[in-house]
Amino acid sequence: MLYYSLNNFKNYVSFKTAVLTGLAIDGGLYFPEKIPKIKRTFIQNIKKYDNYSIAMEVIKPYIGEYISEEYIDKIIHNTLNFSFPLKKIYENIYVLELFHGPTLAFKDVGAKFMAGCLSYFYKTIGELITVLVATSGDTGGAVAKGFHNVSGIEVIILYPHKGVSDLQEKQITSLGDNIFPLEIKGNFDNCQYMVKKAFLDKEIKNKYLLTSANSINIARWLPQMFYYFIAYKKIIEKNQKIIFSVPSGNFGNICAGMLAEKMGLPIKYFIASTNINDTIPRFLKGEKYHPLPVKKTISNAMDISNPSNFSRILHLYKNNIFKLKKKLCSYKFTDEETFNIIKKVWSNYKYILDPHGAIGYLGIKKYLKLQKVKTHFLETAIFLETAHPIKFLDKMPFFLRKKIFLSKEEKFRKKLKIKKKISLSNNYNFFKDWLIKRRR
Ligand SMILES: *Cc1c(COP(=O)(O)O)cnc(C)c1O
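Here we summarise the structure given alongside this text.

Procedures and definitions
- Residues numbered from 1 in each chain as written.
- Predicted model: local features only at pLDDT ≥ 70, side-chain atom pairs only at ≥ 80, totals over all residues.
- Heavy atoms only, no water.
- Helix = DSSP H or I, 4+ residues; strand = E, 2+ residues; numbered from the N terminus.
- Rg over C-alpha atoms; globule rule 2.2 N^0.38 Å.
- Buried < 20%, exposed > 50% of the residue type's maximum accessible area, 1.4 Å probe, protein only.
- Core = buried A, V, L, I, M, F, W, Y, C linked by side-chain atoms within 4.5 Å.
- Contact = heavy atoms within 4.5 Å.
- Near = heavy atom within 4 Å.
- Polar contact = N/O pair within 3.5 Å; in protein donor to acceptor, adjacent residues only side chain to side chain.
- Areas by Shrake-Rupley, 256 points an atom, 1.4 Å probe, with all protein chains shown as cover.
- Nonpolar A, V, L, I, M, F, W, Y, C, P; charged D, E, K, R; others polar.
- Disulfide = S-S within 2.5 Å.
- Lys, Arg positive; Asp, Glu negative; His and termini not counted.
- Salt bridge = Lys/Arg side-chain N within 4 Å of Asp/Glu carboxyl O.
- Pairing = 2+ DSSP bridges.
- Axes fitted to C-alpha atoms, helices over the stretch in contact; angles between N-to-C directions.
- Patch = residues over 30% accessible without salt bridge, like charges linked within 9 Å, V, L, I, M, F, W, Y side chains within 5 Å.
- Charge placed at Lys NZ, Arg CZ, Asp CG, Glu CD.

### Re the overall build of the chain
Right, so step 1: Per the secondary structure count, the chain includes 20 helices and 14 strands.
Right, so step 2: Compactness check: the chain gives a C-alpha radius of gyration of 21 Å against a globular reference of 22 Å for 440 residues, within 12% of the reference.
Right, so step 3: Considering only C-alpha atoms, the chain reaches an extent of 65 × 50 × 45 Å along its principal axes.
Right, so step 4: Among the 440 residues that make up the chain, the fraction classed as buried is 59%.

Now the structure itself:
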């Protein structure tokens with residue numbers, strides 16, 4: 001399997017190059033040259049397989065030529081070492097909890113898988129690989145944890161001073177060793193800018209083998225297919241088709257689900273639920289693709305207005321918007337709607353949504369309303385709960401905070417101590433000097 005750039009279909013590279021560079025030199029995202037099909041008998045008998053065998057079946061056609069099966073198996077075991085509970089909210093509406101990993105967010109899956117791939121490639125190149133990443137919160141924590149003490153890899157994380165939650169900062173800074181957190185006196189955009197500039201800087205590239213770890217990287221994107229298959233396995237006896245609602249920011253998570261569907265997983269429909277950063281809802285309504293300046297919301301991991309993975313989604317449907325709209329719709333929700341539904345779901349069903357999962361749930365409600373279907377006539381609808389509410393404690397209704405606080409995860413937070421962080425201004429040259437000096 002080769003991968004081509006979405007900016008130039010003739011620009012093919014290996015999985016290894018795609019993972020080590022993140023983005024193609026022409027600025028395009030990488031895409032697999034063909035989409036492998038899962039055998040129908042495998043889908044029919046999916047109950048017989050454990051999560052590891054399912055993951056192997058899904059990922060092997062993409063990477064089997066590059067990494068030995070034995071090692072892939074090792075990576076998978078290390079990645080899927082936590083649970084993915086599917087819980088009923090009511091009738092046919094379910095939540096798929098993706099926050100039982102080490103940093104309580106779905107990004108743990110992609111981060112751990114990618115760390116495994118990089119550490120395998122390190123063995124063949126023998127040169128230290130530096131992962132450089134800007135974070136607005138969740139990515140930093142997941143990448144730090146996923147790459148901690150992985151041999152041959154170091155991680156430099158830029159995060160905005162006062163721009164991430166207390167728990168998120170601790171997750172980034174409590175590890176030490178090969179993890180280097182840089183607290184930047186500025187906002188997320190400043191961090192992002194500095195990282196992008198470093199990737200293009202020849203002097204830095206002379207001294208570093210740099211790669212990124214956001215959802216652009218195929219080693220982070222592809223493994224996100226695993227839990228769509230796992231959810232399907234849990235619900236299959238109902239013999240119904242599934243609708244997924246995915247709280248979306250960069251659209252990497254939903255795009256993995258859509259790839260899984262193209263591979264043969266029977267998913268009827270996708271709902272991309274967003275906050276008021278609504279470029280895609282507007283686009284699918286027929287407006288021009290026109291990202292507006294990012295607006296801050298309480299679902300801040302989705303404060304993104306130009307979702308990088310949307311080009312992959314368009315490509316999956318050969319840019320045919322008519323066909324795409326038969327599989328995908330997208331709705332936006334305000335902070336007020338988000339906040340109110342968190343309170344309502346608690347009072348009606350005693351389930352605590354985080355602001356991102358809440359938007360996923362709202363997507364299903366809106367879909368049902370527009371389709372004028374009663375829930376019990378509906379196929380199974382699943383929304384993804386992408387993070388544990390404790391990560392967004394200050395955004396949660398006051399009366400719920402204590403309940404979340406008292407959950408076992410609070411102990412988890414108290415345990416973490418800031419071990420190492422370096423403070424820098426948001427001046428690119430200072431950052432560059434810091435990078436160059438540590439390689440003299
Ligand atoms: C990153 C993130 C999202 C958005 O996922 P994308 O793949 O960027 O669409 C949603 N919720 C949480 C909690 C996240 O951390």
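### Things to note about the nonpolar core
Right, so step 1: Within the largest apolar cluster, 106 residues are counted, with the highest numbers of intra-cluster contacts made by Tyr3, Phe15, Ile67, Met225, Phe229, Phe244 and Leu328.
Right, so step 2: Sorting elements by how many residues they give to this core places helix α5 (residues 107-125) first, with 9 residues.
Right, so step 3: Not counting the four nearest positions on each side in its chain, phenylalanine 15 is found in contact with Tyr3, Ile63, Tyr66, Ile67, Cys117, Phe121, Ile218 and Ala219.
Right, so step 4: Core analysis: the second largest hydrophobic core is formed by 35 residues, Ile89, Val345, Tyr361 and Leu362 among them.

### Overview of helix α7 (residues 166-173)
Right, so step 1: Counting buried positions along α7 yields 7 of 8 residues, so the element is predominantly enclosed.
Right, so step 2: Within α7, burial applies to Leu167, Gln168, Glu169, Lys170, Gln171, Ile172 and Thr173.

### Comments concerning the site of the ligand
Right, so step 1: Around the ligand, the surrounding shell holds 15 residues, and the nearest of these are Lys107, Asp138, Gly249, Asn250 and Thr386.
Right, so step 2: Glycine 249 places a polar main-chain atom, nitrogen or oxygen, 2.8 Å from an oxygen atom of the ligand.
Right, so step 3: Between an oxygen atom of the ligand and a main-chain N or O atom of asparagine 253, the distance comes to 2.9 Å.
Right, so step 4: Contact with the protein chains removes 97% of the 380 Å² of surface that the ligand exposes when unbound.
Right, so step 5: Across the shell around the ligand, the residue classes break down as 6 nonpolar, 7 polar and 2 charged.

### Describing the state of the cysteines
Right, so step 1: Tallied over the entire structure, the rule returns 0 disulfides.
Right, so step 2: In this model cysteine 117 remains outside any disulfide bridge; the closest cysteine sulfur is found in cysteine 255, 18 Å from its own.
Right, so step 3: For cysteine 117, a relative accessible area of 0% translates into the label buried.
Right, so step 4: Counting only cysteine sulfurs, cysteine 255 is the nearest neighbor of cysteine 329, a cysteine outside any disulfide, at a range of 16 Å.

### Focus: the side chain of arginine 312
Right, so step 1: Within the secondary structure, arginine 312 is located in helix α14 (residues 310-316).
Right, so step 2: For the buried residue arginine 312, which engages in no salt bridge, the nearest side chain bearing the opposite charge is aspartate 26, 11 Å off.
Right, so step 3: Of note is the side chain of arginine 312, whose polar atom sits 2.8 Å from the backbone oxygen of isoleucine 216.
Right, so step 4: When neighbours within four sequence positions are excluded, arginine 312 is seen to be in contact with Leu6, Leu29, Tyr30, Phe31, Ser215, Ile216, Ile218, Trp221 and Cys255.

### Structural notes on the side chain of threonine 338
Right, so step 1: Relative to the elements of secondary structure, threonine 338 occurs in helix α16 (residues 335-349).
Right, so step 2: When neighbours within four sequence positions are excluded, threonine 338 is seen to be in contact with Ile298, Pro355, Ala358, Ile359 and Leu362.

### Observations regarding the sheet that holds strand β12 (residues 328-332)
Right, so step 1: Within the open sheet, the 6 strands sit side by side as β4-β5-β13-β10-β11-β12. Their pairing is mixed. Each edge of the open sheet carries a strand with a single partner, namely β4 (86-90) and β12. Mean inter-strand twist for the sheet, computed between neighbouring axes without regard to direction, equals 25°.
Right, so step 2: Strand direction decides the pairing type here: strand β5 (residues 93-97) and strand β13 (residues 380-385), joined by 5 bridges, are parallel. Within β13, the residue paired with tyrosine 94 across the bridge is isoleucine 382.
Right, so step 3: Against the sheet, helix α11 (residues 226-235) makes contact with β4, β5, β10 (242-247), β11 (267-274) and β13, and its axis sits at roughly 140° relative to β10, the strand it touches most.

### Section: a positive patch on the surface
Right, so step 1: Together, Lys37, Lys318, Lys323 and Lys326 make up a positively charged patch on the protein surface.
Right, so step 2: For lysine 326, the position within the fold is in the loop between α15 (321-324) and β12.
Right, so step 3: Judged by its relative accessible area of 57%, lysine 326 is exposed.

### Some words on helix α6 (residues 138-147)
Right, so step 1: Among the 10 residues of α6, 9 are classified as buried, and the element is accordingly described as predominantly covered.
Right, so step 2: Of all the positions in α6, only Asp138, Thr139, Gly140, Gly141, Ala142, Val143, Ala144, Gly146 and Phe147 are classed as buried.
Right, so step 3: Residues of α6 that are buried make contact with α5, β6 (129-134), β7 (153-160), α7, β8 (179-185) and α10 (218-221).
Right, so step 4: In the segment just after α6, asparagine 149 is the residue with positive phi, at about 60°.

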